[in-house]
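Take a look at the letters that make up each chain.
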Amino acid sequence: MFLVPSLPASLQFPLLSKELVELSARRRTYVVRAVYALALYSVTLWAYGRFLKQYDANSFEMLGQGRTLLDELLRWQFWGLYLFLPLMTSSAITSEKERETLPLLLMTKLGSWTILFEKLFSRLVAMGSFLLLGLPLAAVAYSLGGVDLDSILKAVYVLSVTALQVAAFALLCSTWFRTTSSAFVGTYLLGTVGVLFGSELLKLVLGIGIAFDVHKLPWPGLTDEGREWIVGSVMHNPSYRPLY
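Residues numbered from 1 in each chain as written. Predicted model: local features only at pLDDT ≥ 70, side-chain atom pairs only at ≥ 80, totals over all residues. Heavy atoms only, no water.

**Details of the overall build of the protein**
Scanning the protein for helices and strands turns up 10 helices and 0 strands. Start at the N end of the protein and walk to the C end: the helices and strands fall as α-α-α-α-α-α-α-α-α-α. For the protein, the residues scored as buried account for 32% of the 244 residues in total. Considering only contacts in the protein between residues 6 or more positions apart, those separated by 24 or more positions represent 79%. On the protein, roughly 15700 Å² of surface is accessible, and the fraction owed to carbon and sulfur atoms is 70%. (Helix = DSSP H or I, 4+ residues; strand = E, 2+ residues; numbered from the N terminus. Buried < 20%, exposed > 50% of the residue type's maximum accessible area, 1.4 Å probe, protein only. Contact = heavy atoms within 4.5 Å. Areas by Shrake-Rupley, 256 points an atom, 1.4 Å probe, with all protein chains shown as cover.)

This is the structure:
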C-alpha cells in the first residue's frame with residue numbers, strides 16, 4: 001500500500017476543489033456546456049460552409065485559407081465568452097450570500113483575496129473546458145494551411161486574457177450585488193455599457209485629469225515622455241481607443 005504524500009499548505013486549494021466538485025455535480029453545468037457546443041458548432045460550421053462554397057471541391061484554391069476560418073472560429077469563441085462566462089461567474093459570491101454561508105467562509109483561515117482568487121479560477125477552469133470544444137474546428141482550419149504556431153499561440157493568449165477580464169468583472173458584480181439575479185443582470189448591463197462606451201468614458205476621465213494637470217503630479221514611474229504620450233494620445237488623436 002502506497003501513501004500519497006500530502007501537499008504543503010501553500011499548494012492546497014480547498015475552496016477551488018470544493019467549487020469544481022460542486023460545478024461538476026450541477027445539471028446546469030452540462031446543459032450550458034451542451035448549449036455552448038451546439039451554438040458554437042452550428043454557427044462556425046455554417047460560416048465554414050459559406051466560405052468554402054466559393055471554391056471548387058476538386059481544386060486546391062482553398063488551401064492556405066485556414067487563417068480566415070480560424071479568425072471566424074475566434075470571433076464566435078469571443079461571443080461565447082461574453083455570453084456564457086458571466087452566466088457562470090455572476091453567482092460565485094451571491095450564492096454564498098443567499099445561503100448565508102459567506103460569514104462562515106470568512107471565518108476560515110482563507111483570506112478574502114484567497115476566496116476571490118479561488119472562486120475566480122474555478123470559473124476559469126470550467127470555461128476552459130468550454131473553449132476546448134473548439135479544438136476540432138481549429139484542427140480543420142489548421143489542416144487547410146495558412147495557420148502557423150504563432151497564430152495559435154496568439155489566439156490562446158487573447159482568449160485567456162479576455163476570459164480573465166470577463167470573469168473578473170462578473171466576480172466584481174457578484175460581490176457588489178446581493179442576489180444572483182441582480183448580479184446576473186448587472187453584469188450584462190454594465191458590461192454592455194463598458195464595451196460600447198468604455199473607451200469614450202475613459203478618454204473623458206483622462207481628459208479631465210489632463211485639464212486639471214493631474215498628469216503633471218510626480219507619479220511613480222511616469223516620465224516626461226510618458227506625460228507627453230498621454231496628452232498626445234488623449235487630446236490630439238481622434239482615433240484613440242484605449243479599450244479596443
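That shown, we press on.
**Quick notes on the side chain of Q77**
Considering the arrangement of structural elements, one finds Q77 in helix α3 (residues 66-89). One polar contact links Q77 to Y36, side chain to side chain, over a distance of 2.4 Å. (Polar contact = N/O pair within 3.5 Å; in protein donor to acceptor, adjacent residues only side chain to side chain.)

**Observations regarding the packing of helix α2 (residues 27-52) against helix α7 (residues 135-143)**
One can describe the packing of α2 onto α7 by two numbers: an axis separation of 11 Å at closest approach and a directional angle of 15°. As summarised for this structure, α2 and α7 are arranged roughly parallel, according to the angle between their axes. Between α2 and α7 the crossing geometry is left-handed. Contact with α2, carried on its side by L40, Y41, T44, L45 and Y48, involves P136, L137, V140 and A141 of α7 and no other residues of that element. (Axes fitted to C-alpha atoms, helices over the stretch in contact; angles between N-to-C directions. Parallel < 35°, antiparallel > 145°, perpendicular 65-115°, else oblique. Left-handed = near helix turned anticlockwise from the far one by under 90°.)

**Side note on the nonpolar core**
Nonpolar side chains in soluble globular proteins generally cluster together in the buried interior. Y36, L81, L85 and M127 are the most contacted members of the largest nonpolar core, which totals 33 residues. Contributing elements (two or more residues each) for this core: α2, α3, α6 (112-131), α7 and α8 (149-176). Counting residues per element, this core draws most heavily on α3, at 8 residues. (Core = buried A, V, L, I, M, F, W, Y, C linked by side-chain atoms within 4.5 Å.)

**Looking at a nonpolar patch on the surface**
There is a patch of nonpolar side chains on the surface, built from V193, V195, L196, F197, L201, L204, I208, F212, V214, L217 and W219 and spanning about 1100 Å² of accessible area. With respect to the secondary-structure elements, V195 resides in helix α9 (residues 180-211). (Patch = residues over 30% accessible without salt bridge, like charges linked within 9 Å, V, L, I, M, F, W, Y side chains within 5 Å. Salt bridge = Lys/Arg side-chain N within 4 Å of Asp/Glu carboxyl O.)

**A word on the packing of aromatic side chains**
Under the definition given, this model contains 6 aromatic pairs. Centroid distance F117 to F121: 6.3 Å. Interplanar angle 20°. Geometry classified as stacked. Here F117 and its partner F121 are both found in helix α6, 4 residues apart, which amounts to about one turn of the helix. Residue F117 is classed as partly exposed on the basis of its relative accessible area of 41%. (Phe/Tyr/Trp six-rings, centres within 6.5 Å; stacked < 30°, edge-to-face > 60°.)

**A word on unusual backbone geometry**
Notably, E100 is not glycine yet its phi reads approximately 60°, a positive angle. Among the structural elements, E100 can be located in the loop between α4 (94-98) and α5 (102-106).

**Description of the confidence of the model for the protein**
The predicted model of the protein has a mean per-residue pLDDT of 81, with 88% of residues at 70 or higher. Between the elements of the protein, mean pLDDT differs from a low of 77, seen in helix α10 (residues 224-235), to a high of 90, seen in α8. Under a pLDDT of 50 for its full length, residues 240-244 has, in the predicted model, 15 contacts with residues more than four places off or in other chains. (pLDDT = per-residue confidence, 0-100.)

**Re the environment of V234**
For V234, the location among the structural elements is in helix α10. Expressed as a C-alpha distance, the spacing of V234 and L204, which sit 30 residues apart in the sequence, is 8.7 Å.

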